[in-house]
Every structure is written in structure tokens, then in C-alpha cells.
Amino acid sequence: MTYLDHAATTALRPAAREAWLAAAEETGNPSSLHAAGRRARAVVEDARERIAAALGADAPEVILTSGGTEADNLAIKGLHWGRVAEDGARRRLVVSEVEHHAVLDPARWLADRGDASLAELPVDPAGRVDTTVLADAITSETSLVSVMWVNNEVGTVQPLAEVVAAASALGVPVHTDAVQAVAHLDVHLHRSGVDALTVSAHKVGGPVGVGALLARRGLPLVPLAHGGGQQRSVRSGTLDAPGAAAFAAALEDAVAERVAERARLEALRSRLVERLRAVAPEATVTGPRDPAHRAPGIVHLVIPGARAESVLFLLDAAGIAASSGSACTAGVVQSSHVAMAMGWSADDAACTLRLSLGRTSTAADADALVAALPDAIARAKAAASR
Ligand SMILES: Cc1ncc(COP(=O)(O)O)c(C=O)c1O
């Protein structure tokens, strides 16, 4: 199989697998007071310290979660509610239009139930937040600003430093979803200036179902899950020692390889894009041209007339795993909210293709896609005109 969907999930790293198995062999609840419990607790706390070190945070700032979705929800709802509890006048939540649904949907949910007024920041045609609107959008009535580090559909790197500058001038906390950034960019909580940051293990070669919210001390975080009071009552629930150990191992390897891997993927991406332009001239490669403004592993295409679900089905039949990048329910791809925010029509935004490269990608993967895509496009277009 040719796997070109690393942004959806990527291969488990051997070190993560070993760390998971070693911890899973032991029985013990990390909250239990006996020796077995203390051993499990030591595994979790060691992992917490290593995750913190890899991401420029302090160990107490790492709140382990069940993944990126939970961490995003905790940041958006927990921080918004916490800020409103401190000062009821601060009810305005600011997010970008191109956030992952794990940020966008809780933000809209808060607005729908009357807990927040919501401002969604527009983006330019390359998917970058328009920094000229920041000064007007962020005010002293803002509870929280959430702008992702790297967009998961297009790979656009957002102007986080400008967002942080505009928000911190007014004492407004900034959250960033760094799920797609960690494998490729220098993600460092303290240096970035953000107050809270979401990460997920399975995007860096760890297991699915593990993640973290890194939150600076003193942030008013209202818990979403109540129960045993673990993790200073911000996130109750039995701690997942094997998951935490595997996450730490994957993260350390990903960070150690990051610079070399970025250069390798950038070269692979250039080769892929060059060939795609030759075999599929009707496809537009979207996103920033400047490599500094995009993740190296993502190629996002709009192929007018070739609906995503048809192209994906035909590629799958040819042994190629790719994605449209946008949500898919019952086999029908919805128009991508990201592509629409970048100015594409709803029709074109249903004709997207995301190819994402990762640790196990090779030139042969790119070549297999290039060989199969023209036929898939032709057949998808024929199906659409029937
Ligand atoms: C940008 C972004 N945020 C959040 C998530 C959700 O993470 P998880 O799958 O760990 O819940 C994803 C996964 O697709 C993502 O790409």
C-alpha cells in the first residue's frame, strides 16, 4: 500500500511500541498508594517530564488527555469559562476560520448556547490568518484567542507571533493547536509566547488516544471531566501510564529527527509537486509558496470537477491511501471549510485532495501517486458529469 495520509495518523515508532509494552506489562493504578501504584505513577511522571522537556514546558504544565480533541475542548471551554468566571465582561472568544473542528465546534457550541460571542478570523487565499484584522478583533473583552500553529488540511503555518503580540498587549491568553506542528517545527511552549498548546501522540508516532494540553501556571482552567481529582482536578480520570510513556518516547524521537526530516520531506514534496503539475495541470496546489510558511509534508490540491470522494475511492482501489483533508460522513466528503475560507466555491471545496508525507514516505510513494492520479481524476470527472 502507498500511504499518503500521515497527517491523519502516522506509523507507530518502535520506541513508542516498546515503551507502551513495557509499561503495560505492569499492573498498578498510578493513584494507588502501594508499591505497584507508585511504580506506575513514576512512569507517568517520568513521561510528563520528558514531554515537557521536548516541548519547552515545565512538567506541572503538562495535562495529559485522551488526545488532541480533548485537549482542544479543555482549552476552549475550560479557559473561556475560567476567564468569564474571573470577569463576566470578557465573553468574546476569537478563533480562526480554518481551525480543526476540535476547536471550531466547541467554540461555536459555546456561542450557540449563549456562553460566548464568537469572532472568526478570516484567512488569505493561502490560508494564513489576516493579521491586519487582529487589532480590531482582539479587545479587552476577549476571553481567549485560539489560532492553530499549522493547518491540518493545507499545511499553512499561522502567524502565531503576531497573534501573541496583539493578544498579550491586552493580557488576553492565547491557545494554539500544535497537533500538526510538532513533527515539523520547533514547538516550544515558553519561547512561543502562547499560554496553552495542544499536542497529540498519534501524529508523531505515538499511540492513538493520548495527547496533552500544555497550560502555563495560573491559567484559569475550568475542568470538563470531574471525578477522582487526578492532575490537580483539572482532568480527572485514571492516568494512562503506557500511553504517556509511549507518547514521551515518540516525541523525543520526533524532536531529535525534526530538522533532518523536514529537509527530507521538503525535497520529497518538491519532487511530488513538480510531477503533479506535469500530469495533472488542472489541479491547483494551494497554500503558501514560501516553505517557511508551510509544513513540509502536506500537498493540498483543488481539482475542480473531480469530487473528493470519487478520487479517494479510485486511489484506494489503486492501493493509495490519501485524504480530502475535510470531514467525511457516510462516505460523502463535505465541502472543506478551510478551502472555502481561502476563497474557493463550495463546489470546488468538495474537490480537494490532501497528500501528506511522513517518516516512512519514500520517492516510490510519490511516484505511485503520480502514476495513478490522472486516471482517477478523469474517472471522477466522468462520474460527476453522468
Ligand atoms: C490540527 C488537529 N487538531 C486536533 C486533532 C485531533 O487530535 P486527536 O485525533 O488526537 O483527537 C487533529 C487530528 O486530526 C488535528 O489534525
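What counts, and at which threshold
Sequence positions are assigned chain by chain, starting from 1 and proceeding in written order. Selection of residues for local features in this predicted model requires a pLDDT of at least 70, selection of side-chain atom pairs for listing and counting requires 80 or more, and totals for whole chains, interfaces and linings are taken over all residues. Only hydrogens and water are set aside; all other atoms, that is, all heavy atoms of the structure, feed into the side-chain values. Here a helix means four or more residues in a row that DSSP labels H or I, a strand means two or more in a row labelled E, and each is numbered from the N terminus. In a helix, the anticipated span is given by 1.5 Å times the number of residues less one. Each residue's exposure class comes from its accessible area (1.4 Å probe, protein chains only) as a fraction of the maximum for that residue type: buried when under 20%, exposed when over 50%, partly exposed otherwise. By definition, the arc is the one covered by directions from the helix axis to the C-beta atoms. Any two residues whose heavy atoms approach within 4.5 Å at even a single point are treated as in contact. Definitions used for this entry: grid spacing 1 Å over protein atoms alone; cavity, a set of points where a 1.4 Å probe fits but cannot get out; pocket, an open set with protein on both sides within 12 Å along at least 5 of 7 lines; lining residue, one with an atom within 4 Å of a point. Grid points are joined across faces, edges and corners, and a volume is the space filled by probe spheres set on the points. Think of it this way: DSSP has to see at least two bridges between two strands before they count as a pair. Interaxial angles span 0 to 180 degrees and are taken between N-to-C directions of axes, which are lines fitted to C-alpha atoms, for helices over the stretch in contact. Convention used here: angles under 35 degrees read as roughly parallel, angles over 145 as roughly antiparallel, angles from 65 to 115 as roughly perpendicular, and any remaining angle as oblique. Rotating anticlockwise by less than a right angle from the far helix to the near helix defines a left-handed crossing, while the corresponding clockwise rotation defines a right-handed one. Each polar contact in these results corresponds to two N or O atoms within 3.5 Å; when the atoms are within protein, one needs to be able to donate a hydrogen and the other to accept it, and residues that are neighboring in sequence are counted only if both atoms are side-chain atoms. Three classes are used, and their members are as follows: Ala, Val, Leu, Ile, Met, Phe, Trp, Tyr, Cys and Pro are nonpolar, Asp, Glu, Lys and Arg are charged, and the others, Gly among them, are polar. Proximity is defined per residue: if any heavy atom of the residue lies within 4 Å of a molecule or strand, that residue is considered near it. Computed by Shrake-Rupley with a 1.4 Å probe, the accessible areas treat only the displayed protein chains as cover when residues are assessed. Delimitation of the domains relies on an automatic or database domain assignment. Reported buried area values correspond to the accessible surface (1.4 Å probe) lost by two parts on association, with both partners' losses combined. The term salt bridge refers to a pairing of a side-chain nitrogen on Lys or Arg with a carboxyl oxygen on Asp or Glu at a separation within 4 Å.

(A) Molecular detail of helix α2 (residues 35-54). Here α2 contains 20 residues, and its C-alpha end-to-end distance of 29 Å stays within 8% of the 28 Å for a straight helix at 1.5 Å per residue. Taken together, the buried positions of α2 are G37, A40, V44, A47, R48, I51, A52 and A54. One side of α2 holds all its buried residues, which, seen down the axis, span an arc of 165 degrees. In this structure, α2 carries R38, E49 and A53 as exposed residues pointing more than 90 degrees from its buried face. In the core, the buried residues of α2 are packed alongside β2 (62-65) and α8 (241-279).

(B) Molecular detail of empty space enclosed by the protein. Applying the stated criterion to the full structure yields one cavity of 30 Å³ or more. A volume near 260 Å³ is recorded for the largest cavity. For the lining of the largest cavity, the leading source of residues is α8, giving four residues.

(C) The arrangement of the sheet that holds strand β4 (residues 117-121) in detail. Pairing is mixed in the open sheet, where seven strands are placed in the order β2-β8-β7-β6-β5-β3-β4. Across the chains shown, the open sheet's two edge strands, defined by having one partner strand only, are β2 and β4. Each strand of the sheet is rotated relative to its neighbour by a mean of 20 degrees, with strand direction disregarded. Sitting on the sheet, helix α4 (residues 101-112) touches β3 (92-96), β4, β5 (142-146) and β6 (174-177), and the angle it makes with β3 is about 155 degrees. Most of the contacts of helix α6 (residues 160-168) go to β6, to which it runs at about 160 degrees, and overall it touches β5 and β6.

(D) Here's a closer look at the packing of helix α1 (residues 14-24) against α8. Running from N to C, α1 and α8 point in directions that differ by 160 degrees, and their axes come no closer than 8 Å. The angle between the axes of α1 and α8 places the two elements in the roughly antiparallel class. Remark: the crossing between α1 and α8 carries right-handed chirality. Residues A15, A16, A19, W20, A23 and A24 of α1 touch α8, and the partners they reach there are A241, P242, G243, A245, A246, A249, A250 and D253.

(E) Up close: the pairing of β2. Burial along β2 is two-sided: V62 and L64 facing one way and I63 and T65 facing the other are all buried. Examined bridge by bridge, β2 and strand β8 (residues 211-215) share four bridges and lie antiparallel to one another. Across the sheet, the residue bridging to V62 is L214, located in β8.

(F) Examining α1 more closely. Burial in α1 covers these residues: A16, A19 and A23. Angularly, the buried residues of α1 cover 65 degrees about the axis, an arc narrow enough to put them on a single face. More than 90 degrees from the buried face of α1, the exposed residues found are P14 and E18. Where the residues of α1 are buried, they touch α2 and α8.

(G) Up close: the side chain of S96. For S96, the position within the fold is in strand β3. You can call S96 buried: its relative accessible area is 0%. A distance of 2.7 Å separates polar atoms of two side chains, one belonging to S96 and the other to E99. For S96, the contacting residues outside a window of four places in its chain are L104, L121, V129, S146 and V147.

(H) Main features of the pairing of strand β7 (residues 196-200). Counted residue by residue, β7 has five buried out of five residues, so it is predominantly covered. One ladder, built from three bridges, connects β6 with β7; its direction is parallel. Looking across to β7, one finds that H175 is bridged to A196. The sheet contact formed by β7 and β8 spans five bridges and is antiparallel. Bridge pairing links S200 to G211 in β8.

(I) Local environment of the layout of surface pockets. Volume-wise, the largest pocket comes out at about 340 Å³. Forming the walls of the largest pocket are 22 residues, and the residues nearest its centre are H100, N152, G325, S326 and A327. Its residues assigned to classes, the lining of the largest pocket shows eight nonpolar, ten polar and four charged.

(J) Broad picture of the sheet that holds strand β10 (residues 298-302). Pairing in this open sheet of three strands is antiparallel, and the strands run β9-β10-β14 from one edge to the other. The open sheet is flanked by β9 (284-285) and β14 (352-356), the only strands paired with a single partner. For β10 and β14, the ladder comprises five bridges, and the chain directions are antiparallel. From the neighbouring strand, H300 faces β14, where its bridge partner is R354. In the packing of α8 onto the sheet, contacts are made with β9, β10 and β14, and the angle to β10 comes to roughly 20 degrees.

(K) Region of the structure containing the site of the ligand. Around the ligand sit 13 residues in total, of which G68, T69, D177, S200 and K203 are the nearest. Here an oxygen atom of the ligand sits 3.4 Å away from a polar atom, N or O, in the side chain of H100. H202 is positioned with one of its side-chain polar atoms (N or O) 2.9 Å from an oxygen atom of the ligand. Relative to its unbound accessible surface of 390 Å², the ligand loses 85% to contact with the protein.

(L) Spotlight on the domain arrangement of the protein. Along its sequence, the protein is organised into domain 1 (2-8 + 258-385) and domain 2 (14-252). Distance from the C-alpha centre of domain 1 to the C-alpha centre of domain 2: 28 Å. Domain 1 puts 24 residues into the contact, and the matching count from domain 2 is 29 residues. Buried surface at the junction of domain 1 and domain 2, both sides included, amounts to about 2200 Å², of which 54% is carbon and sulfur. Contact with domain 2 buries surface across domain 1, with R258, H337 and M342 losing the most and accounting together for 29% of the total. If you look at where domain 1 meets domain 2, you find one salt bridge. D186 serves as the salt-bridge partner of R258, at 3.7 Å between the closest nitrogen and oxygen. For the pair domain 1 and domain 2, the number of links is ten residue pairs in polar contact (both at pLDDT 80 or more). Put simply, the parts of the chain that give the side of domain 1 that touches domain 2 at least two residues each are α8, β10 and α10 (337-341).

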